[in-house]
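Here is what each chain is made of, one letter per residue.
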Amino acid sequence: MKTLLKRKVMPLVLTMALVFLMLPISALAEDAYTYIDADGTEKSTSGPVTIIAGTGAGETLASGWYIVLAAGVTRSSTLTVNGSVHLILADGASLIVTGSSDSAGVKVIEGKSLTIYGQAGGTGMLTANGGELGAGIGSSSGYASGTVNIHGGTVHATGGGGIGGAGGGGAGIGGGYFSSGTVNISGGTVHATGGSGISGAGGAGIGGGYFSSGTVNISGGSVRAAGNGGGKDIGGGADSSDHGTLKNGEGGANVYLTTVTLEGVNAVTPVASITTGAYAYGIRDMFTDADGKLYLYLPEGTETTAAQTETGDPPVTAAYTASGGPIITLNDHSAKGTLYTGAPPTAVAFTSATADGATGAVTSTKIDLAFSPAIAGLTADDITITDGFGSAIKGALTGSGTAWSIALSSVATEG
């Protein structure tokens, strides 16, 4: 009898242990953790902080402070914000959330708020993917989102699409299908993509889901937003008659996209400063994309003239300036320009190319090249001769200023 009892109890204990291992791990810690506040100052938490760790289903976050400390933390269903939640993305940490069907990846209940902070290095990351009809971060279908505040860190958010052959997309950040949202961004690096709905009924990158608008305030950060299926990049979803507002704060000025490219930057790179005249723009945790681009939202007429990057340990600073004139923000989101580490390139016109031979009579030995204005540093490697009616091998390059010559040999057919 005793042996039989042991055989029944052991599988039960093993099952309970396996269930425990599958649960997400959230633990209260009394330690103080640093974060960068909206005003750019480093502060420390002063009370209990819940550590979000491990893998498993999403949980509900009540009012308080939370932190992601490790890389590879995941939630396989919706993470729900039901209070005033402050989330710190620690340097090097990452949290990936995949929303449940008909819900957001990170669901912020109407009347509640989610505020996201980074740390000094700005390398913490949140990736949120909405379930069908839901926003990446914001609300599920048919319910207005609470307020989403992003002060730092890197945030990737993608809205969910339609479900069962019907329905529209949710915003990357903001409202779900038929839902609006309020989003405030003062820093960080944000990538937001609206969900694709049925027959083009998509959501905004940031703002509203299908048929809904949004209230968006951007006063800092690099913000790359893309609507889907007719949704605005920032504003309303497809078929929305009201695209909401895009300002630099409540009651503030309208802001518009200005795309700034840093010459020679071909990897994700932290930005240490940006000069936008008298206008103060938040740069906390701001990184270029892999093409050296920044996506700034500035009032019309703002002049962007310089930037600095800082890489390595010890840090190495590189300065970029608008040597050819400032990048001026326009009121249609089309402004773009490049900041250079030195003088900007000069436009050069290639005015003529003349061979010294004659068809059927004299074999060409060179091609004379003319440029305007004068150029320097041209090499034979910069010139390519393409076979057409004939072929030739290029030789040495001579010349300077506006007049250059490239030698030819082995001319097979004159033309």
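You'll find the structure just up there.
Small disclaimer: the values here were computed from a predicted structure and weren't measured. Residue numbers run consecutively from 1 along every chain, following the written order of its sequence. Local features are withheld for residues below a pLDDT of 70 in this predicted model, meaning they are given only at 70 or higher, and side-chain atom pairs are given and counted only at 80 or more; totals for whole chains, interfaces and linings count all residues. Note: side-chain values were computed over all heavy atoms of the structure, leaving out hydrogens and water.

1. Let's talk about the sheet that holds strand E25 (residues 293–298)
In step 1: For two strands to be treated as a pair, DSSP must find no fewer than two bridges joining them. A run of DSSP states H or I qualifies as a helix once it reaches four residues; a run of E qualifies as a strand once it reaches two. Both are numbered from the N-terminal end. With respect to topology, three strands assemble into an open sheet ordered E25-E23-E30, the strand pairing being mixed. Across the chains shown, the open sheet's two edge strands, defined by having one partner strand only, are E25 and strand E30 (335–339). Looking at each pair of strands side by side, their axes are set apart by 25 degrees on average, direction ignored.
In step 2: Across six bridges, the pairing between strand E23 (residues 256–262) and E25 is antiparallel. When the bridges of E25 are listed, Val260 appears paired with Leu294. Helix axes use the C-alpha atoms of the stretch in contact, all axes being lines fitted to C-alpha atoms, and the angles between their N-to-C directions lie in the range 0 to 180 degrees.

2. Side note on the pairing of strand E4 (residues 49–53)
In step 1: The classification of residues rests on relative accessible area computed with a 1.4 Å probe and restricted to protein chains. Under 20% of the type maximum is buried, over 50% is exposed, and intermediate values are partly exposed. By the criterion of burial, E4 is predominantly enclosed, with five of the five residues buried.
In step 2: Side chains Val49, Ile51 and Ala53 of E4 all project onto a buried face; the interleaved residues Thr50 and Ile52 project onto the opposite face, where all are buried too.
In step 3: As paired elements, E4 and strand E6 (residues 64–68) share four bridges and run parallel to each other. Within the sheet, the bridge partner assigned to Ile52 lies in E6 and is Val68.

3. Looking at the pattern of salt bridges
In step 1: Salt bridge, as used here, is a side-chain nitrogen of Lys or Arg placed within 4 Å of a carboxyl oxygen of Asp or Glu. All told, the structure shown has four salt bridges when counted by the stated rule.
In step 2: Arg75 is the partner of Glu59 in a salt bridge, and the nearest nitrogen-oxygen pair spans 2.6 Å. A residue pair is termed long-range when its members are at least 10 positions apart, and Glu59 in the loop between E4 and strand E5 (60–61) and Arg75 in strand E7 (residues 73–75) qualify at 16 residues. When sorted by exposure, Glu59 lands in the same class as Arg75, which is buried.
In step 3: Between Asp368 and Lys366 there is a salt bridge, with its nearest N and O atoms 3.6 Å apart.
In step 4: The partly exposed category is assigned to Asp368, whose relative accessible area is 28%.
In step 5: Since its relative accessible area comes to 31%, Lys366 is described here as partly exposed.

4. Things to note about the sheet that holds strand E27 (residues 306–311)
In step 1: Strand order across the open sheet formed by three strands is E24-E27-E28, with antiparallel pairing between neighbours. Each end of this open sheet is capped by a strand with a single partner; those strands are strand E24 (271–275) and strand E28 (316–321). The mean inter-strand angle of the sheet, taken between neighbouring strand axes irrespective of direction, is 10 degrees.
In step 2: As paired elements, E27 and E28 share six bridges and run antiparallel to each other. Residue pairing across strands places Thr309 opposite Ala318, the latter belonging to E28.

5. Notes on the nonpolar core
Note on soluble globular proteins: their nonpolar side chains tend to be buried together.
In step 1: Take the buried residues of types Ala, Val, Leu, Ile, Met, Phe, Trp, Tyr and Cys, join any two whose side-chain atoms come within 4.5 Å, and each joined set is a nonpolar core. With 64 residues, the main nonpolar core has Leu114, Ile137, Ile173, Ile206, Ile218 and Tyr297 as its most contacted residues.
In step 2: Sorting elements by how many residues they give to this core places E25 first, with five residues.
In step 3: Leu369, Leu378, Ile383 and Leu397 belong to the second-largest nonpolar core, a separate cluster that totals eight residues.

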